[in-house]
Amino acid sequence: MGKLSVVATPIGNLEDITLRALRTLKECDAVLCEDTRVTKKLLSHYDIHTPTRAFHAHSGKGLYEKIATELEAGAHFALVTDAGTPAISDPGAYLVEIVRRDSPTTVIEAIPGASSVSAALSIAGVPSDSYTFLGFLPHKKGRKTTLDMLVQLDGTVVMFESPHRIKKLIDEIAVRTPDRTVTLCRELTKKFEEVRSGTAAELALLVGTDIPTRGEFVVVLSP
């Protein structure tokens, strides 16, 4: 019986990993990685020598099916992403779907741990009993429609943004709802972690000047 372990890894600080995750990464046959260079740094830090294999958004359908076939034959793979929990805004979700379809005997288990979404919500000071998670917004097609929709949502909204688009995103939100409170979480768990909260209009003046456009961002819109 094969096993696919979906393993959460640190989002920045390498200490943010569970004992169960470390044991799984040691015991599995191979680690399926978004970027083998990133994962090898983590494995090396914990003196883990398990082989790594590239698996990412541009992997062809044939690789998905090959993995499922190997699992059906009894392999044990750990699936990781560069940071956080796999299959959350990540192609790992499609792999899980393929494995469930093509390898019905495979055990699929969650090895929970770090998540930038839950980390951001825990320090944003906003209601989190119900929230909408949007991942990364569309870059071009559908972006305006998505932005118009999200500012109409009544509850908390969480999304990701990259450093070279964060200024554009905050400006777009400020145009639509200048008085809505926004919390920017930058470089969570890392050395230069920064959390700033204010109205969309206030933050639009600060991003790119007082708030550096470096690192990965989690953006939280208050209700």
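For clarity, every value in this text was computed on a predicted model and none was experimentally measured.

1. Topic: unusual backbone geometry
1) Next: One non-glycine residue, Asp47, adopts positive backbone phi at about 55 degrees.
2) Next: Summarising the element assignment, Asp47 is placed in the loop between α2 (36-45) and β3 (52-54).
3) Next: One non-glycine residue with positive phi stands out, namely Glu187, at about 55 degrees.
4) Next: Positionally, Glu187 belongs in the loop between β8 (181-186) and β9 (194-199).
5) Next: A residue is classified by how much of its surface remains accessible, and Glu187, at 16% relative accessible area, is buried.

2. Quick notes on the side chain of Thr183
1) Next: By the secondary structure assignment, Thr183 is in strand β8.
2) Next: Residue classification places Thr183 among the buried positions, given a relative accessible area of 1%.
3) Next: Only 3.3 Å separates the side chain of Thr183 from the side chain of Ser197, close enough to count as a polar contact.
4) Next: Excluding anything up to four places from it in sequence, Thr183 contacts Ala124, Val195, Arg196, Ser197, Val218, Val219 and Val220.

3. Section: the sheet that holds strand β1 (residues 3-7)
1) Next: Pairing in this open sheet of 5 strands is parallel, and the strands run β3-β2-β4-β1-β5 from one edge to the other. Two strands bound the open sheet, and with one partner strand each, they are β3 and β5 (107-111). Here the strands of the sheet are splayed against their neighbours by 25 degrees on average, with no regard to which way each runs.
2) Next: For strand β2 (residues 30-33) and strand β4 (residues 76-79), the ladder comprises 3 bridges, and the chain directions are parallel. Within β4, the residue paired with Leu32 across the bridge is Leu79.
3) Next: With respect to the sheet, α2 is in contact with β2 and β3, its orientation differing from that of β3 by roughly 160 degrees.
4) Next: Strands in contact with helix α3 (residues 61-72) are β1, β2, β3 and β4; relative to β3, the strand with the most contacts, it is inclined by about 145 degrees.

4. Section: the nonpolar core
1) Next: With 21 residues, the main nonpolar core has Ile170, Leu184 and Val219 as its most contacted residues.
2) Next: Secondary-structure elements contributing two or more residues to this core are α6 (143-150), β7 (156-161), α7 (166-176), β8, α8 (200-206) and β10 (217-221).
3) Next: The greatest single-element share of this core, amounting to 5 residues, is contributed by α7.
4) Next: Setting aside anything within four residues of it in sequence, one finds Val219 in contact with Val157, Val158, Met159, Glu161, Ile166, Leu169, Ile170, Val182, Thr183 and Leu184.

Analysis parameters
- Residues numbered from 1 in each chain as written.
- Predicted model: local features only at pLDDT ≥ 70, side-chain atom pairs only at ≥ 80, totals over all residues.
- Heavy atoms only, no water.
- Helix = DSSP H or I, 4+ residues; strand = E, 2+ residues; numbered from the N terminus.
- Buried < 20%, exposed > 50% of the residue type's maximum accessible area, 1.4 Å probe, protein only.
- Polar contact = N/O pair within 3.5 Å; in protein donor to acceptor, adjacent residues only side chain to side chain.
- Contact = heavy atoms within 4.5 Å.
- Pairing = 2+ DSSP bridges.
- Axes fitted to C-alpha atoms, helices over the stretch in contact; angles between N-to-C directions.
- Core = buried A, V, L, I, M, F, W, Y, C linked by side-chain atoms within 4.5 Å.

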